[in-house]
Amino acid sequence: MPTESIVWRIRSEIASWPAVNVESHGGGMVFFHVGQREIGHLHGSRMADLPFPVRIREKLVAEGRADLHYLHPQSGWVTFYIRGDEDFEPLIELFRQNYSRPWLKPSNIA
């Protein structure tokens, strides 16, 4: 069963990255932005949604690292269901991947 401490841990980790802005909203929603770009948000301790290009979303879902977005499965967004503390590192890695956007580096553009 997820605990509220995982939300605090996720929020603390991501907020420590340069240029990340954190906004809390009602119902346990926590949004993370870099400039005007959202890198993802939490729905309390239940799940996180993160935006990716569709080709990256396809890879993440195929690898079992995330699920299709629960409302918009055709978009680039993914949903990551938080089941417990063991999900901290895999979720942080998804946020880190979106934060650094490695697929935009010239060596990775086809």
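Look above for the structure.
Residues numbered from 1 in each chain as written. Predicted model: local features only at pLDDT ≥ 70, side-chain atom pairs only at ≥ 80, totals over all residues. Heavy atoms only, no water.

**With respect to the nonpolar core**
Among the nonpolar cores identified, the biggest contains 25 residues, and Ile10, Ile14, Phe32, Leu42, Leu50, Leu91 and Phe95 are the most heavily contacted of them. Of all the secondary structure elements, the ones that give two or more residues to this core are helix 1 (4–15), strand 1 (20–25), strand 2 (29–34), strand 3 (37–43), strand 4 (47–50), helix 2 (54–62), strand 6 (78–81) and helix 3 (88–100). The element contributing the most residues to this core is helix 3, with 5 residues. Each residue touching Phe95, except ones within four places of it in the same chain, is listed here: Ile14, Trp17, Phe32, Ile39, Gly40, His41, Ala48 and Leu50. (Core = buried A, V, L, I, M, F, W, Y, C linked by side-chain atoms within 4.5 Å. Buried < 20%, exposed > 50% of the residue type's maximum accessible area, 1.4 Å probe, protein only. Helix = DSSP H or I, 4+ residues; strand = E, 2+ residues; numbered from the N terminus. Contact = heavy atoms within 4.5 Å.)

**Considerations on the side chain of Glu38**
Along the chain, Glu38 falls in strand 3. Put simply, Glu38 is tucked away with no salt bridge, and the nearest opposite charge, on Arg101, sits 10 Å away. In terms of polar contacts, Glu38 uses its side chain to reach the side chain of His41, at 2.4 Å. In this structure Glu38 touches Phe31, Phe32, His33, Pro51, Trp77 and Asn98, once residues within four positions along its chain are discounted. (Lys, Arg positive; Asp, Glu negative; His and termini not counted. Salt bridge = Lys/Arg side-chain N within 4 Å of Asp/Glu carboxyl O. Polar contact = N/O pair within 3.5 Å; in protein donor to acceptor, adjacent residues only side chain to side chain.)

**A few points about helix 3**
Three- or four-residue spacings in an α-helix give side chains the same orientation, since the helix completes a turn every 3.6 residues. Compared with the 18 Å implied by 1.5 Å per residue over 13 residues, the 18 Å span of helix 3 between its first and last C-alpha is a close match. Of the residues making up helix 3, those classed as buried are Phe88, Leu91, Ile92, Leu94, Phe95, Gln97 and Asn98. Trailing helix 3 by a residue or two, Arg101 shows a phi angle of about 45 degrees, which is positive. (Expected span 1.5 Å × (residues − 1).)

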